[in-house]
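Examining the three-dimensional arrangement
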Amino acid sequence: QVQLVESGGGLVQAGSSLRLSCAASGRTFSTYTMGWFRQAPGKEREFVAAIHRSGGYTNYADSVKGRFTISRDNAKSTVYLQMNSLETEDTAVYYCAARGGLVTLMAKEYDYWGQGTQVTVSS
């Protein structure tokens, strides 16, 4: 069992940067693949980025590739999402998620979810 708590969301202007954090409870964080997803009003939850438990493999949605970077600090049981060059289309609630297996883009494959943090990008 792992509990996830996101932070770092906020209201920013287009072109700005934000860094989201997701702190995990428990001593087994290093065994979990971690993912970031987002959900905009009226839309389905979509994959943003994921990182293997080792930190050695990452995957990104095409819409954020080159702008967002996922990373993790297993000593701090925390996963990060650095978001640069934010666009209004990035406005959504951002969720972190954990699973015991390999990196996957499928939200249904993740076992644990945080409560989400709102990111709003104004033009």
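One can find the structure itself at the top, above this paragraph.
Worth saying up front: this structure is predicted, and the values here are computed from it rather than measured.

Procedures and definitions
Residues numbered from 1 in each chain as written. Predicted model: local features only at pLDDT ≥ 70, side-chain atom pairs only at ≥ 80, totals over all residues. Heavy atoms only, no water. Core = buried A, V, L, I, M, F, W, Y, C linked by side-chain atoms within 4.5 Å. Buried < 20%, exposed > 50% of the residue type's maximum accessible area, 1.4 Å probe, protein only. Helix = DSSP H or I, 4+ residues; strand = E, 2+ residues; numbered from the N terminus. Contact = heavy atoms within 4.5 Å. Phe/Tyr/Trp six-rings, centres within 6.5 Å; stacked < 30°, edge-to-face > 60°. Lys NZ or Arg CZ within 6 Å of the ring centre and 35° of its normal. Pairing = 2+ DSSP bridges. Axes fitted to C-alpha atoms, helices over the stretch in contact; angles between N-to-C directions.

Let us now look at the nonpolar core. Counting 36 residues, the largest nonpolar core has Met34, Trp36, Leu81, Met83 and Tyr94 as its most contacted members. Among the elements of the structure, strand 3 (18-24), strand 4 (33-39), strand 5 (46-51), strand 7 (68-73), strand 8 (78-83), strand 9 (92-99) and strand 11 (117-122) are those that each provide at least two residues to this core. Look past the residues within four positions of Met34 in its chain and what remains in contact with it is Leu4, Cys22, Phe29, Ala49, Ala50, Ile51, Ile70, Arg72, Val79, Ala97, Ala98 and Tyr110.

Right, let's get into the packing of aromatic side chains. Two descriptors summarise a pair of aromatic rings, namely the distance from one centre to the other and the angle between the planes of the rings. All chains considered together, the criterion is met by 6 aromatic pairs. Ring centres 5.9 Å apart and planes at 85° place the aromatic pair Tyr32 and Tyr112 in the edge-to-face group. On the criterion of sequence distance, the pair formed by Tyr32 in the loop between strand 3 and strand 4 and Tyr112 in strand 10 (residues 112-113) is long-range, its members being 80 residues apart. Residues Phe37 and Trp113 carry aromatic rings whose centres are separated by 5.1 Å and whose planes lie at 55° to one another, so their mutual orientation is tilted. Taken together, the residues span a long stretch of sequence, with Phe37 in strand 4 and Trp113 in strand 10 at a distance of 76 residues. The exposure class assigned to Trp113 is partly exposed, which follows from its relative accessible area of 28%. Put simply, the rings of Phe37, Phe47, Tyr95, Tyr110 and Trp113 pair up and form one aromatic cluster. The positively charged end of Arg45 is found above the aromatic ring belonging to Tyr95, 3.8 Å away from the centroid.

Our focus in this paragraph is the sheet that holds strand 7. Adjacent strands of a sheet pair through backbone hydrogen bonds, lying either parallel or antiparallel. Read across the open sheet, the 4 strands follow the order 1-3-8-7; overall the sheet is antiparallel. Looking at which strands have only one partner, the edges of the open sheet turn out to be strand 1 (4-7) and strand 7. Adjacent strand axes in the sheet meet at a mean angle of 15°, parallel and antiparallel pairs treated alike. When strand 3 meets strand 8, the two strands line up antiparallel, connected through 6 bridges. Of the residues in strand 8, the one forming a bridge with Ser21 is Tyr80.

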